[in-house]
Amino acid sequence: MSAMLLNIGKAKRNEDIVEDFDVEVSLDDDLVIDRGYHFLSPARVTGSFYYKGSILFLDAKVTYTLSCVCDNCGEEIEREFSFDMSEEFVEEYASHDPDDYLINQIAIDLDRPVCDNLLYNLPSRILCKENCQGLCDICGKNKNTYSCNCEAIESEERHREQNPFNKIKIIGDN
Ligand SMILES: [Zn+2]
Ligand SMILES: [Zn+2]
């Protein structure tokens, strides 16, 4: 994975400058492999940054495409996700926290902050569609594409079992 470095030299020399950027950050499938997902594109990161008082302030929008599975019916889906992120990068000499994102002289590395924010923003539940019907508890078929009568049959049976007159009828039939 090659680091995505942004040159911030100009913004450091002139604190009045707000600089725009539009770059791609490669994404490692290891980030989402435990959920069975993989990335279909690098992350596109667009935004701006400025430097003030030895801190680099960055705002960005991150967009990426994921191959994932519906948490309800298990169908494979491809979906684009995006989120906004705001981060600060500090000079090494001013950093007190090992989790700080550091300024490397005149550059910042976007990889870790983008991956951290991506994981933080990853939806905990993904559905193929809002009203996904899921799988039938009885026959296991995908109810979005196949309509079975399992539920109707089951409730009919339950109804019959609960009705005392049916028992009498059964005895009578013998
Ligand atoms: Zn689904
Ligand atoms: Zn069924």
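All values reported here derive from a predicted model rather than from experimental measurement.

Caption draft 1: Representation of the confidence of the model for the chain. On average, residues of the chain score 91 in pLDDT, and 93% of them are at 70 or above. Within the chain, the lowest mean pLDDT, 58, falls on helix H4 (residues 164-173), and the highest, 98, falls on strand S4 (residues 43-52).

Caption draft 2: Region of interest: the coordination of the zinc ion (ligand 1). Bound to the zinc ion (ligand 1) on the protein side are Cys70 (SG), Cys73 (SG), Cys128 (SG) and Cys132 (SG), at distances that span 2.3 to 2.4 Å. Relative to the metal, the 4 donor atoms surrounding the zinc ion (ligand 1) lie at angles of 107 to 113°, and the coordination shape comes out tetrahedral. When the donor residues of the zinc ion (ligand 1) are listed from N- to C-terminus, their spacing reads C-x2-C-x54-C-x3-C. Of this pair, Cys70 sits in the loop between strand S5 (55-69) and strand S6 (76-91) while Cys132 sits in the loop between helix H2 (111-121) and helix H3 (150-162); the two residues are 62 residues apart in sequence, bridging distant segments of the chain.

Caption draft 3: Fine view of the coordination of the zinc ion (ligand 2). Taken together, Cys136 (SG), Cys139 (SG), Cys148 (SG) and Cys150 (SG) make up the protein donors of the zinc ion (ligand 2), found 2.2 to 2.3 Å from the metal. With 4 donor atoms in place around the zinc ion (ligand 2) and angles of 107 to 111° between them, the coordination shape is tetrahedral. Sequence spacing among the residues donating to the zinc ion (ligand 2) works out to C-x2-C-x8-C-x1-C. The exposure class assigned to Cys139 is partly exposed, which follows from its relative accessible area of 36%. Look at Cys148 and you get partly exposed, because its relative accessible area is 24%.

Caption draft 4: A look at the pattern of salt bridges. Across all of its chains, the model carries 6 salt bridges by this definition. As a salt-bridge pair, Lys12 and Glu91 come within 2.7 Å of each other at their nearest N and O atoms. One end of the pair, Lys12, is in helix H1 (residues 9-13); the other, Glu91, is in strand S6, and 79 residues separate them in sequence. Overall, Lys12 belongs to the partly exposed group, its relative accessible area being 25%. Residue class for Glu91 comes out buried when judged on its relative accessible area of 6%. The salt bridge partner of Arg112 is Asp116, with a shortest N-O separation of 3.8 Å. In this pair, Arg112 and Asp116 are both assigned in helix H2, 4 residues apart and thus about one turn of the helix distant. With relative accessibility at 38%, the residue Arg112 sits in the partly exposed group. On the basis of relative accessibility, which here comes to 34%, the residue Asp116 falls in the partly exposed class.

What counts and what doesn't
Every chain begins its residue count from 1, and numbering advances along the sequence as written. Following the order in which they are written, the chains are lettered starting with A and the ligands numbered starting with 1. Predicted model: local features are reported for residues with pLDDT of at least 70 only, side-chain atom pairs are reported and counted for 80 or more only, and whole-chain, interface and lining totals are derived from all residues. Excluded from the side-chain calculation are hydrogens and water; included are all heavy atoms of the structure. For every residue, the pLDDT score states the predictor's confidence, bounded by 0 at the bottom and 100 at the top. Only DSSP runs of H or I covering at least 4 residues are called helices, and only runs of E covering at least 2 are called strands; the numbering of each starts at the N terminus. The rule for donors is simple: an N, O or S atom within 2.8 Å of the metal counts, and for Na, K and Ca the reach is 3.2 Å. Water is not among the atoms, so a site may look short of donors. Note on geometry labels: four donors, all angles 85 to 135 degrees, give tetrahedral; four donors become square planar and six octahedral when opposite donors are over 155 degrees apart and every other angle is between 65 and 115; remaining cases are irregular. Burial classification: accessible surface area is computed with a 1.4 Å probe over protein chains only, and a residue below 20% of its type maximum counts as buried, one above 50% as exposed, and the rest as partly exposed. Salt bridges are identified by distance alone: a Lys or Arg side-chain nitrogen within 4 Å of an Asp or Glu carboxyl oxygen.

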